[in-house]
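Spelled out from the first residue to the last, the chains are:
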Amino acid sequence: MKRRSFLLGALAAGGALVVGWSMLPPRSRLGSRDTLANVVGADAVALNGWVRVATNGEVIVAVPRSEMGQGVHTSLPMLVAEEMDVPLAQVRVAQAPIDAIFGNVAMLTASLPFHPDNADGTASRAAQWFVAKLARELGLQATGGSSSVRDAWLPMREAGAAARAMLVSAAARQWGVAAGECTVEAGIVRHGGGKQARLGELVQGLNEVPVPSAVRLNDP
């Protein structure tokens, strides 16, 4: 094979792979129960890759950023607490394990030669989308560039909302009622008929509840 033919063939194959990869949906950042398999205690149940609940009602949140004096060990768990409708005092921080869902996507998109909030034009939007998708695959866990809250804003809210939905489902199954009739307030699941349960009382039934594929976020 001539060198020219080899180079052209390699470029074509590489381009086809990039196009095919681009057509795939971005990697989910919610994770699964298995993400926390090695860090969940005997008295706690993982609800997704970010949140687990203990029998004493404590909510343990996996935080993939380092606390460098700017309060990320408060602001990031707060995102989960607000979506779960639990008091922040009921939440405990645990350092996240190594996994692609914890990669800092925002830090890499901010490295582009234009600010992500001011991206105009098809080329800049495409570049931002491509780098964000690539960053999800790389899963680079890093702290810097004032990116912690910007990056965690959506995935940690989705993790909290998914956890809330699972707790409601567990309570609804236990009481034999519709999940839509239950609400969560201050860490207590309530039913209109007067039944209520604290989070720790629902842990045993959480293993039977699947991780939801879609969640409803609270109004920010």
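Relevant structure appears above.
Residues numbered from 1 in each chain as written. Predicted model: local features only at pLDDT ≥ 70, side-chain atom pairs only at ≥ 80, totals over all residues. Heavy atoms only, no water.

Q: What should I look at first to understand the overall build of the protein chain in this one?
A: Secondary structure summary: the protein chain contains six helices and seven strands in total. Going from N to C terminus, the protein chain has its helices and strands arranged as α-β-β-β-α-β-α-α-α-β-β-β-α. Within the protein chain, the proportion of its 220 residues that are buried is 40%. For the protein chain, the proportion of contacts with a sequence separation of at least 24, taken over those separated by at least 6, is 65%. (Helix = DSSP H or I, 4+ residues; strand = E, 2+ residues; numbered from the N terminus. Buried < 20%, exposed > 50% of the residue type's maximum accessible area, 1.4 Å probe, protein only. Contact = heavy atoms within 4.5 Å.)

Q: How should the pattern of salt bridges be read in this particular structure?
A: The full count for this structure, using the stated rule, is five salt bridges. In this structure, R29 and D151 form a salt bridge, with 2.9 Å as the shortest nitrogen-oxygen distance. Taken together, the residues R29 in the loop between α1 (3-23) and β1 (44-46) and D151 in helix α5 (residues 148-175) connect sequence positions 122 residues apart. Across the pair, D151 and R29 agree in class, each one buried. Residue R92 is joined to E58 by a salt bridge in which the shortest nitrogen-to-oxygen separation is 3.1 Å. In this pair, R92 is assigned in strand β4 (residues 91-95) and E58 in the loop between β2 (51-54) and β3 (59-63), connecting sequence segments 34 residues apart. Looking at R92, the relative accessible area reads 39%, which means it is partly exposed. Each member of the salt-bridge network shares a partner with another, and the members are R29, R65 and D151. (Salt bridge = Lys/Arg side-chain N within 4 Å of Asp/Glu carboxyl O.)

Q: What should I look at first to understand the pairing of strand β5 (residues 182-185) in this one?
A: Going residue by residue along β5, you find C182 and V184 tucked away on one face and T183 and E185 left uncovered on the opposite face. With four bridges joining them, β5 and strand β6 (residues 188-191) adopt antiparallel strand pairing. Across the sheet, residue V184 finds its bridge partner in β6, namely V189. As consecutive antiparallel partners, β5 and β6 are separated by two residues, and within that stretch A186 has a phi angle of approximately 55 degrees, a positive value. (Pairing = 2+ DSSP bridges.)

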